[in-house]
Amino acid sequence: MSHNLLKGKRGIIFGALDENSIAWKVAERAKEEGAKFVLTNAPVALRKGDIFRLAEKTGSEVISADVTQVDDLENLFQESMRLLGGKIDFILHSVGMSPNVRKGLHYTELDYNYMMKTLDVSAISLHKVLQTALHLDAMNEWGSVVALSYIAAQRTFSSYSDMAQAKAMLESIARSFGYHYGKRKKVRVNTVSQSPTITTAGQGVGGFNAFYTYANCMSPLGNASSAQCADYCITLFSDLTKMVTMQNLFHDGGYSTMGISDKLIEDCFVCQGDCHEKTKHD
Ligand code: NAI
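Residues numbered from 1 in each chain as written. Predicted model: local features only at pLDDT ≥ 70, side-chain atom pairs only at ≥ 80, totals over all residues. Heavy atoms only, no water.

Q: I would appreciate a short explanation of helix α9 (residues 208–218) in the present structure.
A: Side chains of residues three or four places apart in an α-helix project in the same direction, reflecting 3.6 residues per turn. Among the residues of α9, those classed as buried are Phe-208, Phe-211, Ala-215, Cys-217 and Met-218. Summarising the contacts, the buried residues of α9 are in contact with α8 (200–203) and α11 (262–267). (Buried < 20%, exposed > 50% of the residue type's maximum accessible area, 1.4 Å probe, protein only. Helix = DSSP H or I, 4+ residues; strand = E, 2+ residues; numbered from the N terminus. Contact = heavy atoms within 4.5 Å.)

This is the structure we're talking about:
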């Protein structure tokens, strides 16, 4: 159902790879709410081709940009302003990738070149997007930037690997840049920390099914879906949340505040309290 929350607004949406992508759902909802926007992704994702179906469905143009390349980002902002007919009101940063996770390297055996790539693609890219937008004066006042994060920024999830550091840095960049962009241009910058979600990036993390099921059993409302995440992002792009900035906002059905739930006590805990002893002797 449309409320015209984004009527007349112009946006850039990073990260729609296929119809499971969170960015894909955000693009569909943004269209419903009256926005016009440009879709962007890395050249390799464009070669996969699904994004062009989304472009057709939403009446959008697709511009190729590797989010780590400032030249690509400059071209993206300039072309987007030209195609959309003015400055940008909202940006979704829905980008993440770790070569260490992809190659299945254990956290105690990381490749540091890969780790730099993880940080560049998944976190520093947000700084590059924001700095490029500021240099080009590409955002309207009261514009809104949302980047997607995960609770591994605060807590240890054993197989999330160097993506945990990337998410911690991403959230920190949102706070730091949020201050400067807010002071200079009244642009707000937030991260949304989303439940485990069945997507290409999500399922690339070892033990994803356990993350997903555990969080679902722990949260009083269950896991938030990608469609629900899209709804939340739309509110953050809208004028109803103008004074929200520099926040990490949990969108997780209550998971982040839980210790243990009845469901987990009933269903999962068969441990007799000797599991550490067993591990020592195994
Ligand atoms: P996805 O795999 O559909 O999206 C990740 C996107 O990043 C892809 O479109 C990919 O092409 C893009 N990307 C990778 N390298 C790039 C580069 N160099 N330049 C431009 N784009 C590049 O997966 P999903 O889950 O929709 O991920 C979106 C965001 O949500 C990511 O930041 C992810 O960490 C975050 N997130 C995902 C959760 C999950 O369980 N799926 C949970 C919490 C956060």
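Past the structure itself, the notes keep going.
Q: Is there a simple way to think about the nonpolar core in this case?
A: One recurring pattern in soluble globular proteins is that nonpolar side chains are buried together. Counting 50 residues, the largest nonpolar core has Phe-14 and Tyr-160 as its most contacted members. Of all the secondary structure elements, the ones that give two or more residues to this core are β1 (10–14), α4 (70–84), β4 (88–93), α6 (112–135), β5 (139–149), α7 (163–185) and α9. Not counting residues up to four positions away in its chain, the partners in contact with Phe-14 are Ala-23, Thr-40, Val-67, Leu-73, Leu-76, Ile-91, Leu-92, His-93, Ser-94, Val-95 and Val-129. Ala-30, Phe-37, Leu-54 and Phe-237 belong to the second-largest nonpolar core, a separate cluster that totals 29 residues. (Core = buried A, V, L, I, M, F, W, Y, C linked by side-chain atoms within 4.5 Å.)

Q: Looking at this structure, how should I read the site of the ligand?
A: Residues in contact with the ligand amount to 27 residues; listed here are only the nearest, Ser-21, Asn-41, Lys-167, Thr-197 and Thr-199. In this structure, Thr-199 approaches the ligand through a side-chain N or O atom, which is 2.5 Å from an oxygen atom. Ala-201 is positioned such that a nitrogen or oxygen atom in its backbone is 3.0 Å from an oxygen atom of the ligand. Relative to its unbound accessible surface of 820 Å², the ligand loses 92% to contact with the protein. Listing elements by their share of the shell around the ligand, those giving two or more residues are β5 and α8. Class assignment of the residues belonging to the shell around the ligand gives a composition of 13 nonpolar, 12 polar and two charged. (Near = heavy atom within 4 Å. Polar contact = N/O pair within 3.5 Å; in protein donor to acceptor, adjacent residues only side chain to side chain. Areas by Shrake-Rupley, 256 points an atom, 1.4 Å probe, with all protein chains shown as cover. Nonpolar A, V, L, I, M, F, W, Y, C, P; charged D, E, K, R; others polar.)

Q: Honestly, the packing of aromatic side chains in this entry has me stumped. Any pointers?
A: For any two aromatic rings, the description comes down to two numbers: the centre-to-centre distance and the angle of the planes. For the coordinates displayed, the defined rule picks out eight aromatic pairs. On the basis of an interplanar angle of 40 degrees and a centroid distance of 6.1 Å, the ring pair of Phe-208 and Tyr-212 is categorised as tilted. Note that Phe-208 and Tyr-212 are positioned in helix α9 at a spacing of four residues, about one turn of the helix. Residue classification places Tyr-212 among the partly exposed positions, given a relative accessible area of 27%. Through successive ring pairs, a cluster of aromatic residues spans Tyr-150, Phe-157, Tyr-160 and Phe-211. Here the guanidinium or amino end of Lys-242 rests over the ring plane of Trp-142, the centre of that ring lying 5.2 Å away. (Phe/Tyr/Trp six-rings, centres within 6.5 Å; stacked < 30°, edge-to-face > 60°. Lys NZ or Arg CZ within 6 Å of the ring centre and 35° of its normal.)

From the geometry alone we can't say anything about function, so treat these as descriptive.
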